[in-house]
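Letter by letter, the chains look like this.
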Amino acid sequence: MKGINVNLQFESISQQEQTPLLQSLIEYSNRDIACFDVPGHVRNQGVEILNYFFGESVMRIDINSSPYMDNVSNPCGVIKEAQELLAKAYKADRAFFITNGTTQGIHAMMLSVINEGDKVLLPRNVHKSAINALIFSGGVPVYIQPEYDDDLGISLNLSVECVRKSLEENEDVKVLFLLNPTYYGACTDLKEIVKICHERNVLVLVDEAHGAHFPFYDKLPPSAMECGADMSAVSIHKTGGALTQASALLLNSKNIEGDKLLQTINMLQSTSASYLLMASIDGARSNLVTKGEVKLSKALNLARYAKAKINKIPGMRVVSDELLHKTGVYFVDETKLCINVKGLGISGYKVYELLYKDFSVQVELGDMYNILALVSIGTTKEDIDKLIKSLSVISKSEALGHENKDLNLSKDLSNNMSIRQITPIVAISPRNAFYSKKEEVTLDKSIGRICAECIMAYPPGIPIISPGEVITKEILDYIKLLKQNNAYMTDMKDKDLKNILVVKK
Ligand SMILES: Cc1ncc(COP(=O)(O)O)c(C=O)c1O
């Protein structure tokens, strides 16, 4: 690496304009090469339907690694160059391309530093990939309950105070894992948290799945690397503009060796990592550095415009910077429009469905009380106006039929949502539960038993219960309520959720 310094400003825009991997890939695909290697579609020669739908130029750059095009498992050519530019863009010491999403980034990050039995401090509202990384590694979770907003029915972030308290109560913790931001855009005071963790030799690993755009516009929250975290897994494909599944693992730590981290990544990365995905990171990175400020300021303005308009629609309310008054929230990403629809008397799941079915509007997610609309570098004013108009029509039609609708919803929810504040009882480690002898029992018979599987609504993919935790009536009631509201439930063995897998007695 060329003397990369964490504190460097973006070195020079002209360097960051370059896309070495993308460029080499195009040059390679333009050469008249007789290919006797994989993939078997041999550029654009074998599968016409793919040429037709994907376009020949895409098929021609879907190639395999070679000494000329470098290899992501041991980069020393164009991939190395592209990763170095990525590291500079994110102010990291090193950056690694990840082709199976931040899911794989989180697995690699945690597996590289957590050994069997190591204590890991983490909020309960983590994505399932973090829980699965504990199954792989044998780490033992010590949950910190994130702050919770009863009104919105969503978890916020961790307060500095509760992190400090948990560190004092668990002196043998090795790692703190946390989110920057949460799915809904809430960020903690990461810089202060990193400081108190490092004073105790605790590593800070960050899930930045929803924060790929942070370093490129100063009105967005600070990024994990800027705050001094040791590692961060970033979904460049979510808000950074790369192709779906393209992520990065960023490293900025004296305590973790880059080459050792690469070995762990290689255990999880395909030996045929997609050049389409990797080159899309190269292009997205260049776009973010050179044009990100303009595009992100436009996105932020659009989000603020949408907020002002949506707040005038009866029954709806956008919650963004208002979160700043709450404990555990120090920064908010306002490009995430969390639209609270409780006032309509129907759930966010229902509004999500109506938007798609009746108005051809696709939002990121619906939950009990809210829908989440992401405004990004690709969002147009026309799209925003379509969203506003559709919500306004939904508000009017729902208001007409209010008496017949789920008026009990709010009552049901306020009774049930409180379970989200209960810190789970971890009876055994996720790994021991996952590898234990299991049996299936009906939901009602499962109370008091140790759960052996993950159950969640997707999105957001946050486990409601995970392996090793004790099943309680409140958790079951919450699962039933989600089912009744047609939440898309996933990861459990019994898709009808009549039975649940528990650890055999
Ligand atoms: C908070 C959080 N972390 C991690 C992930 C996993 O990211 P990816 O889809 O890039 O694998 C997601 C996915 O939605 C997420 O919401």
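Since the structure is predicted, the reported quantities are computational estimates derived from the model, not experimental observations.

**With respect to the site of the ligand**
Around the ligand sit 14 residues in total, of which Gly101, Thr102, Thr103, His127 and Ala209 are the nearest. Among the elements that make up the shell around the ligand, the one with the highest residue count is helix H6 (residues 101–113) (three residues). When the residues that make up the shell around the ligand are grouped by side-chain class, the tally is five nonpolar, eight polar and one charged.

**Structural notes on the sheet that holds strand E1 (residues 94–98)**
What the seven strands build is an open sheet, ordered E1-E10-E9-E8-E6-E2-E3; its pairing is mixed. Among the strands making up the open sheet, the edge pair consists of E1 and strand E3 (140–144). Strand-to-strand twist in this sheet, taken as the mean axis angle between neighbours without regard to direction, amounts to 20°. Where strand E2 (residues 119–123) meets strand E6 (residues 173–179), three bridges bridge the pair, whose relative direction is parallel. Residue pairing across strands places Leu121 opposite Leu176, the latter belonging to E6.

**Concerning the domain arrangement of the protein**
Reports often express the size of an interface as the amount of accessible area lost when the parts come together. In terms of domain boundaries, the protein breaks down into domain 1 (296–406) and domain 2 (424–503). Centre-to-centre separation of domain 1 and domain 2, based on C-alpha positions: 30 Å. Facing five residues of domain 1, the contacting portion of domain 2 comprises five residues.

**Examining the pairing of strand E18 (residues 462–465)**
Where strand E17 (residues 455–457) lies against E18, three bridges are found, and the strand directions are antiparallel. By the bridge assignment, Met456 is partnered in E18 with Pro463. The loop that links E17 with its antiparallel partner E18 comprises four residues; one of these, Gly461, has a positive phi angle of about 75°.

**A few points about the sheet that holds strand E11 (residues 317–319)**
The four strands lie next to each other as E11-E13-E15-E14, forming an open sheet whose pairing is antiparallel. Each edge of the open sheet carries a strand with a single partner, namely E11 and strand E14 (365–366). Most of the contacts of helix H12 (residues 275–310) go to strand E13 (residues 336–340), to which it runs at about 10°, and overall it touches E11 and E13.

**A short note on the confidence of the model for the protein**
Low-pLDDT stretches of the model should not have their predicted coordinates read in fine detail. The predicted model of the protein averages 92 in pLDDT, with 92% of residues at 70 or higher. Here residues 1–8 scores under 50 on pLDDT; set against residues more than four positions off or in separate chains, the count is ten contacts.

**Regarding unusual backbone geometry**
Residue Pro39 is bonded to the preceding Val38 through a cis peptide linkage, with omega at 0°. Within the fold, Pro39 resides in the loop between helix H2 (20–30) and helix H3 (48–54). Cis geometry marks the peptide bond from Asn180 to Pro181, where omega comes out at 5°. On the secondary structure map, Pro181 appears in the loop between E6 and strand E7 (186–187). The backbone of Val42 shows a phi angle near 45°, a positive value even though the residue is not glycine. Along the chain, Val42 falls in the loop between H2 and H3. Judged by C-beta crowding, with 16 C-beta atoms within 10 Å, Val42 ranks as partly exposed.

Analysis parameters
Residues numbered from 1 in each chain as written. Predicted model: local features only at pLDDT ≥ 70, side-chain atom pairs only at ≥ 80, totals over all residues. Near = placed C-beta within 6 Å. Helix = DSSP H or I, 4+ residues; strand = E, 2+ residues; numbered from the N terminus. Nonpolar A, V, L, I, M, F, W, Y, C, P; charged D, E, K, R; others polar. Pairing = 2+ DSSP bridges. Axes fitted to C-alpha atoms, helices over the stretch in contact; angles between N-to-C directions. Domains from an automatic or database assignment. Contact = placed C-beta atoms within 7 Å. pLDDT = per-residue confidence, 0-100. Buried ≥ 20, exposed ≤ 12 C-beta atoms within 10 Å, placed from the backbone.

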